[in-house]
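Close look at the chain arrangement
Residue-level listing of the chains:
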Amino acid sequence: MESAQRIEAVARAVESRDPVTGEAWRTFTAATPEVVRHVVILARAAQREWAGRPLGERRGVMERFRRLLVEKRGAVIELIQRETGKPRVEALVEVLAVLNFAAFYGKVARRVLKMHSYRAGTVAMIRKTVRVTRDPYGVIGLITPWNYPFLMPAGIAIPALLAGNAVLLKPSEFTPSASLLLGELLREAGLPEGVLTVLPGDGTTGAALTAEKLDKVFFIGSEATGRKIALSCAERMTPCVLELGGSDPAIVLEDADLDVAALGIAWGRFFNAGQTCVAPKRVFVVEKVYDAFVKKLAERVSRLRAGTGEVDSGPMIRASQAGVLREQYDDAMERGASVGARAPVNAAENPCVFAPTVLLNAPPEARALREETFGPLLPVVRVRDEQEAIARANDSRYGLSASVWSRDIVRAEAVGRKLECGSVMINDCVFAAGMADVPYGGVKASGMGRSHGVAGLLEGVQEKTYVIDPWAGWRQAYWYSYGPKISAGLENYLKFEHGRGIFARLVAGTRAVFALYFGRD
Ligand code: NAD
């Protein structure tokens, strides 16, 4: 990386900016396409050496990283808070989740990555042994957003590195420092130089990265950027995993505990200032309990503390993001929506602060229901019954996750099965995306591929198969030359494998052996 940085860079800059004060407290030069190209070359060499190390050594690095993170968590939390403005609890949750990821992948890596051997399954192939190895892809590009600037990169980088890949991480231009700190901690834990390189920069740097010859790309971010990345990858036949936006439904059934549902949904939506891909963004409440639910939700929300500092719901990352949310709010109001509740804020003058707001009576065509809302705005919709709730929930271009709130778990699961999404939480929301052992990802415009869980580790490897015939001196029955004997042999073999009647099958099997193995040229 040092030699890469010596390459002259065009003076584009990205900043770590404090959303509370607006102060830019750290500035980095964005990595240019030339820097990116050079770093890919360095990463390729470093990856070969890293993948050649025994898995035990790679696990050792992750274990030291985990210890180091426990020790230095105070500094990490402080940095996340400074870069995002989020309250301490939320920064702490990020660190805790990363610790869980390091522990989980350390635990399952050996079982998942080991070679599998088995004897081939059909009688014709009985001589053969099959071995399947799970090899690293090589050099992986990882492009991440700003909302969980430590967790998002770590949740993908940890399994990818354990599998033996090198990772080139392009963090969001809004939060470069958290990723750089992640890189520093991993290096301090013993990760060799060049195996994880952080490339500060904006979309131009990200585009330069996907234009390189990478072995796989992982992208977390908006649908619009995801499409560009998918196109760039398609041109180069680079496989990619896309974790994109969502407009997750929460369905409140008539038998839900309404206190729990109101608190849970309010937390899920206003946690991280509403900037969570899997936050409940559209709430569908069956009419029987609609009024009671809205009353409880409104009570909860009007008691929240919001704004800056140690509050329940902090500032948004940039004034521009809050501006988009205001437009979505204004659009809903113009279309006849009303405000069901609004939390008091302690810094109304701060352009990054948007008061957590419950929106009622927004019509289906309102932007807040059709687009992703990435901030503390919560539309609640009255529906007739479960069926209408499911239909409205699925009436979205997105399909990331969903939540169902009910005391009847069998019924809630049945509702969950009808929802078009990648994961469903019952009587909770959001957290599945931060659980190390839970596969996570979306359907429809919310993306493709999976991260986290064993599935996330498998996304970092390609299976390579070896089919071994130890009978080196024996020809295969299906080789040349073709003629009546091989046709008859295969016909009989087909009857043996797939025919009816044990006796007839045995006769066919014996004929097949004679035709295929004896008297052939
Ligand atoms: P974004 O798409 O604007 O940016 C994401 C990253 O892509 C940034 O690092 C950015 O610099 C980079 N980028 C921008 N243009 C690029 C290009 N042409 N080529 C390559 N890289 C480019 O998203 P954001 O505003 O940072 O994040 C918010 C979005 O992320 C929301 O839609 C949210 O739902 C989504 N998100 C999804 C998940 C998930 O796991 N599904 C998690 C968190 C956030």
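Residues numbered from 1 in each chain as written. Predicted model: local features only at pLDDT ≥ 70, side-chain atom pairs only at ≥ 80, totals over all residues. Heavy atoms only, no water.

Notes on the site of the ligand
Here is the rule we go by: Consider each residue's heavy atoms; a residue with any of them within 4 Å of a molecule or strand counts as near. Residues adjacent in sequence count toward polar contacts only when both atoms are side-chain atoms; beyond that, a polar contact is any pair of N or O atoms within 3.5 Å, and within protein one must be able to donate a hydrogen and the other to accept it. Using a 1.4 Å probe, the Shrake-Rupley method yields the accessible areas, and only the shown protein chains count as cover for residues. Each residue gets one of three labels, nonpolar for Ala, Val, Leu, Ile, Met, Phe, Trp, Tyr, Cys and Pro, charged for Asp, Glu, Lys and Arg, and polar for the others, Gly among them. Residue ranges for the domains originate in an automatic or database domain assignment.
If you check the shell around the ligand, you find 29 residues, and the closest are Lys-170, Glu-173, Ser-222, Leu-244 and Glu-372. At 2.6 Å, a side-chain N or O of Lys-170 approaches an oxygen atom of the ligand. Within the complex, the protein chains bury 90% of what would otherwise be the 850 Å² of accessible surface of the ligand. For the shell around the ligand, the residue count by class is 14 nonpolar, 9 polar and 6 charged. Counting only domains with at least three residues in the shell around the ligand, you end up with domain 1 (28-244 + 455-463) and domain 2 (249-435).

Remarks on the sheet that holds strand β7 (residues 196-198)
Just so we agree on the cut-off: By the convention used here, strands pair only if DSSP detects at least 2 bridges between them. A run of DSSP states H or I qualifies as a helix once it reaches four residues; a run of E qualifies as a strand once it reaches two. Both are numbered from the N-terminal end.
With mixed pairing, the 6 strands of this open sheet are ordered in space as β7-β6-β5-β8-β9-β19. With one partner strand each, in any of the chains shown, β7 and β19 (447-448) form the two edges of the open sheet. Bridge count for strand β8 (residues 216-220) against strand β9 (residues 240-243) is 4 bridges, and the pairing is parallel. Bridge pairing links Phe-218 to Val-241 in β9.

Looking at the pattern of salt bridges
Stated precisely, the cut-off is as follows: Note on definitions: salt bridges are taken to be side-chain nitrogens of Lys or Arg within 4 Å of carboxyl oxygens of Asp or Glu. Burial classification: accessible surface area is computed with a 1.4 Å probe over protein chains only, and a residue below 20% of its type maximum counts as buried, one above 50% as exposed, and the rest as partly exposed.
Enumeration over the complete set of coordinates arrives at 34 salt bridges. For the salt bridge of Glu-57 with Arg-53, the shortest nitrogen-to-oxygen distance reads 3.4 Å. The exposure class of Arg-53 is partly exposed, given its relative accessible area of 23%. Arg-236 serves as the salt-bridge partner of Glu-235, at 3.8 Å between the closest nitrogen and oxygen. Since its relative accessible area comes to 67%, Glu-235 is described here as exposed. For Arg-236, a relative accessible area of 34% translates into the label partly exposed. If you follow the salt bridges from partner to partner, you end up with Glu-254, Asp-255, Glu-386 and Arg-411 in one network.

Considering the packing of helix α5 (residues 88-113) against helix α6 (residues 151-162)
What counts here: Under this scheme, a helix contributes an axis fitted over its contacting stretch, all axes are lines through C-alpha atoms, and angles between N-to-C directions fall in the 0 to 180 degree range. Note on terminology: angles under 35 degrees are roughly parallel, angles over 145 are roughly antiparallel, angles of 65 to 115 are roughly perpendicular, and the others are oblique. For any helix crossing, the convention is left-handed if the near helix is rotated counterclockwise from the far helix by under a right angle, and right-handed if that rotation is clockwise. Two residues form a contact once any of their heavy atoms are found within 4.5 Å.
Two numbers describe how α5 lies on α6: the axes approach to 9 Å, and their chain directions differ by 20 degrees. The orientation of α5 with respect to α6, classified from their angle, is roughly parallel. With respect to the hand of their crossing, α5 and α6 are arranged in right-handed fashion. Between α5 and α6, the contacting residues are Glu-94, Ala-97, Val-98, Phe-101, Ala-102, Tyr-105, Gly-106, Ala-109 and Leu-113 on the first element and Leu-151, Ala-154, Gly-155, Ile-158, Pro-159 and Leu-162 on the second.

Concerning the sheet that holds strand β3 (residues 116-119)
Paired through their backbone hydrogen bonds, the strands of a sheet run either parallel or antiparallel. If you walk across this open sheet you meet the 3 strands as β3-β4-β20, and the pairing is antiparallel. Each having just a single partner strand, β3 and β20 (461-468) make up the two edges of the open sheet. The mean angle between the axes of side-by-side strands here comes to 20 degrees, regardless of whether they run parallel or antiparallel. The sheet contact formed by β3 and strand β4 (residues 129-136) spans 4 bridges and is antiparallel. What sits directly across from Ser-117, in β4, is Arg-131.

Section: the domain arrangement of the protein
Splitting the protein by domain gives domain 1 (28-244 + 455-463), domain 2 (249-435) and domain 3 (477-518). Between domain 2 and domain 3, the C-alpha centre-to-centre distance is 64 Å.

Some points on a nonpolar patch on the surface
Where we set the bar: Distance thresholds for patches are 9 Å for like charges and 5 Å for nonpolar side chains (Val, Leu, Ile, Met, Phe, Trp, Tyr), applied to residues having over 30% relative accessible area and no salt bridge.
A cluster of nonpolar side chains, Trp-471, Trp-474, Val-513, Phe-514, Tyr-517 and Phe-518, forms an exposed patch at the surface whose accessible area comes to about 650 Å². Among the secondary structure elements, Tyr-517 is positioned in helix α18 (residues 502-517).

Remarks on the packing of aromatic side chains
Operational definition: Side-chain rings of Phe, Tyr and Trp (the six-membered ring for Trp) are treated as a pair once their centres are within 6.5 Å; stacked means planes under 30 degrees apart, edge-to-face means over 60, and tilted covers the remaining angles. The criterion is that NZ of a Lys, or CZ of an Arg, lies within 6 Å of the ring centre and within 35 degrees of the ring normal, and then a charge sits over that ring.
Scanning the model with the defined rule gives 13 aromatic pairs in all. With centroids separated by 6.2 Å and ring planes inclined at 20 degrees, the aromatic side chains of Phe-101 and Tyr-105 adopt a geometry described as stacked. With Phe-101 and Tyr-105 both in helix α5 and 4 residues apart, the pair spans about one turn of that helix. According to the relative accessible area criterion, Tyr-105 is buried, its value standing at 0%. Plain terms: the ring middles of Phe-514 and Phe-518 are 5.4 Å apart, the flat faces sit at 40 degrees to each other, and that makes the pair tilted. One residue, Arg-397, lies across the ring of Tyr-398, its end atom 5.9 Å from the ring centre. Just above the ring of Phe-496 sits the side chain of Arg-505; from NZ or CZ to the centre is 5.7 Å.

So, the environment of Ala-432
Mapping Ala-432 onto the fold places it in the loop between β17 (423-426) and β18 (443-444). You can call Ala-432 buried: its relative accessible area is 12%. In sequence terms Ala-432 and His-452 are 20 residues apart; their C-alpha atoms lie 9.9 Å from each other. Ignoring sequence-local partners within four residues, the contact set of Ala-432 consists of Met-425 and Val-438.

Points about α5
In plain terms, the rule: The span you would expect from a helix comes to 1.5 Å times its residue count less one. Given a residue, its bend is the angle between the two axes fitted to the seven residues that end at it and to the seven that start from it.
Here α5 is 26 residues long and its end C-alpha atoms lie 36 Å apart, about the 38 Å a rise of 1.5 Å per residue gives. Along α5, the sharpest kink reaches roughly 35 degrees, centred on Lys-107.

Examining the pairing of β4
Pairing of β4 with β20 involves 8 bridges; the strand directions are antiparallel. Residue pairing across strands places Arg-134 opposite Glu-463, the latter belonging to β20.

Some points on the side chain of Ser-179
Looking at the secondary structure, you find Ser-179 in helix α7 (residues 176-188). If we ignore the near neighbours within four places in the chain, the residues touching Ser-179 are Pro-149, Pro-153, Leu-169, Pro-171 and Val-198.

Topic: the packing of helix α3 (residues 55-71) against α5
Taken N-terminus to C-terminus, the directions of α3 and α5 make an angle of 165 degrees; their axes are 10 Å apart at the nearest point. In terms of axis orientation, α3 runs roughly antiparallel to α5. Helix-helix and strand crossings are classified by hand; for α3 and α5 the assignment is left-handed. Along its contact with α3, which presents Leu-55, Gly-56, Arg-59, Met-62, Phe-65, Arg-66, Leu-69 and Val-70, the element α5 presents Val-95, Val-98, Leu-99, Ala-102, Ala-103, Gly-106, Ala-109, Arg-110 and Leu-113. Here the contact of α3 with α5 is built from residues that sort into 12 nonpolar, 2 polar and 3 charged.

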